[in-house]
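One-letter residues, chain by chain:
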Amino acid sequence: VQLQASGGGLVQAGGSLRLSCTASGSIVSIGPMNWYRQVPGKQRELVISVTSGGNTNYADSVKGRFSISRDNAKKMVYLQMNSLKPEDTATYYCNADINDGRRYATYWGQGTLVTVSS
């Protein structure tokens, strides 16, 4: 099982980016899917999450600006980031709890860098 994140890049403050994450491999079911972010020297923090049923949870710092959605058929999760701020600059990681038929485990994508210029 692998998670592949994409969509990062450089954007000006106030702009938007959409990150995508695709799960592949032997997958029976996917539970919660999440986006984390990390800046050098700081702990990785949970930004936003969505359950298999579509319930979402947001960090206070991104409420009203970020949204998450998932396509269960495509095994994908998306992070729409609007009104970006320089403090949103970080490497963003997708994360999901996946049942591969043998075990239920947490998987991480490789990270995609988002840089917001002021």
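Residues numbered from 1 in each chain as written. Predicted model: local features only at pLDDT ≥ 70, side-chain atom pairs only at ≥ 80, totals over all residues. Heavy atoms only, no water.

**Student:** Quick one: what's the story with the state of the cysteines, residue by residue and with numbers?
**Tutor:** Each disulfide is one covalent bond, formed between the sulfur atoms of two cysteines. With the rule as written, the count across this model stands at one disulfide. Residue Cys21 pairs covalently with Cys94 via a disulfide, S to S 2.0 Å. The sign of the 60° torsion about the S-S bond sets the Cys21-Cys94 disulfide as right-handed. Here Cys94 lies in strand β9 (residues 90–99) and Cys21 lies in strand β3 (residues 17–24), a separation of 73 residues in the sequence. Summarising the burial analysis for this pair, Cys21 and Cys94 share the class buried. (Disulfide = S-S within 2.5 Å. Helix = DSSP H or I, 4+ residues; strand = E, 2+ residues; numbered from the N terminus. Buried < 20%, exposed > 50% of the residue type's maximum accessible area, 1.4 Å probe, protein only.)

**Student:** I'd like a description of the nonpolar core, backed by residues and values.
**Tutor:** Looking at soluble globular proteins, one finds that nonpolar side chains tend to be buried together. Ranked by internal contacts, the top residues of the largest apolar core, which has 31 residues, are Leu3, Trp35, Phe66, Leu79, Met81, Tyr92 and Ile98. In terms of residue count, the dominant contributor to this core is β9 (five residues). (Core = buried A, V, L, I, M, F, W, Y, C linked by side-chain atoms within 4.5 Å.)

**Student:** Give a description of the pairing of strand β8 (residues 76–81) that names residues and reports values.
**Tutor:** The side chains of a regular strand alternate between both faces of the sheet. Across the six residues of β8, five count as buried, placing the element largely inside the fold. Here six bridges tie β3 to β8, and the two strands are oriented antiparallel to one another. Along β8, the bridge assignment pairs Arg18 with Gln80. Taken together, the six bridges between strand β7 (residues 66–71) and β8 define a ladder with antiparallel strand orientation. Pairing of Ser69 across the sheet is with Tyr78, part of β8. Taking the residues that link successive antiparallel strands as the turn, the β7-β8 hairpin has four residues, and the phi of Lys75 there is positive, at about 60°. (Pairing = 2+ DSSP bridges.)

**Student:** Any chance you could break down the packing of aromatic side chains for me, citing the residues and the numbers?
**Tutor:** One pass over the full model with this rule turns up two aromatic pairs. Consider the rings of Tyr93 and Trp108, whose centres lie 6.5 Å apart with planes at 80°: the pair is edge-to-face. Of this pair, Tyr93 sits in strand β9 while Trp108 sits in strand β10 (residues 104–108), and the two are 15 residues apart along the sequence. A residue is classified by how much of its surface remains accessible, and Tyr93, at 14% relative accessible area, is buried. Grouping aromatic residues by their ring pairs yields a cluster made of Tyr36, Tyr93 and Trp108. Arg18 extends its terminal NZ or CZ atom over the ring of Tyr78, reaching a point 4.1 Å from the ring centre. (Phe/Tyr/Trp six-rings, centres within 6.5 Å; stacked < 30°, edge-to-face > 60°. Lys NZ or Arg CZ within 6 Å of the ring centre and 35° of its normal.)

**Student:** Summarise the pattern of salt bridges; cite the residues concerned and give the values.
**Tutor:** By the definition in use, this model includes five salt bridges. Here Glu45 and Arg37 are joined by a salt bridge, their closest N and O atoms 2.7 Å apart. Residue Arg37 is classed as buried on the basis of its relative accessible area of 6%. Residue Asp88 pairs with Arg37 through a salt bridge whose shortest N-O separation is 2.9 Å. One end of the pair, Asp88, is in the loop between β8 and β9; the other, Arg37, is in strand β4 (residues 29–38), with 51 residues separating them in the sequence. One network of salt bridges, with partners in common, ties together Arg37, Glu45, Arg65 and Asp88. (Salt bridge = Lys/Arg side-chain N within 4 Å of Asp/Glu carboxyl O.)

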